[in-house]
Amino acid sequence: MLYAILSVDVEDSLSKRQSARPAHLKRLQELQDAGRLIIAGPHPAIDSNTPGQAGFTGSLIIAEFASLEDAQSWADFDPYVVAGVYTNVTVKPFKQIFPQ
């Protein structure tokens, strides 16, 4: 089943994001290589794909996991969580309708 992992950044998270980014992207690449990643990316703090020092306010990952517990466990060990980038992470089931 698919699960949405919605994360909210702490204030001024940019430097923490930058230091943990390689490990974060490595885990996402592993999901993609396994054919389980649907979409992943950050929420820019301003209306721009390149927000610069404004940074980001959170992230969204939609991926396939065997259960809600597996998705939550995966999210709990995200390098951004470990580095203190996120103040809150919500994991919930997701039903994809489009694209088919």
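Structural data are supplied above this passage.
Residues numbered from 1 in each chain as written. Predicted model: local features only at pLDDT ≥ 70, side-chain atom pairs only at ≥ 80, totals over all residues. Heavy atoms only, no water.

### What to know about unusual backbone geometry
Part 1 of the argument: The linkage connecting Phe98 with the following residue, Pro99, adopts the cis geometry, with an omega of -10 degrees.
Part 2 of the argument: Notably, Asp12 is not glycine yet its phi reads approximately 50 degrees, a positive angle.
Part 3 of the argument: On the secondary structure map, Asp12 appears in the loop between β1 (2-9) and α1 (14-33).
Part 4 of the argument: Classification of Asp12 by relative accessible area gives exposed; the value is 72%. (Helix = DSSP H or I, 4+ residues; strand = E, 2+ residues; numbered from the N terminus. Buried < 20%, exposed > 50% of the residue type's maximum accessible area, 1.4 Å probe, protein only.)

### Looking at the pattern of salt bridges
Part 1 of the argument: One pass over the full model with this rule turns up two salt bridges.
Part 2 of the argument: Across the salt bridge formed by Arg17 and Asp9, the nearest N and O atoms sit 2.7 Å from each other. One exposure class covers both Arg17 and Asp9, and it is buried.
Part 3 of the argument: For Lys26, the salt bridge goes to Glu30, with nearest N and O atoms at 3.0 Å. Highlighted residues: Lys26 and Glu30, both in helix α1, separated by four residues, approximately one helical turn. (Salt bridge = Lys/Arg side-chain N within 4 Å of Asp/Glu carboxyl O.)

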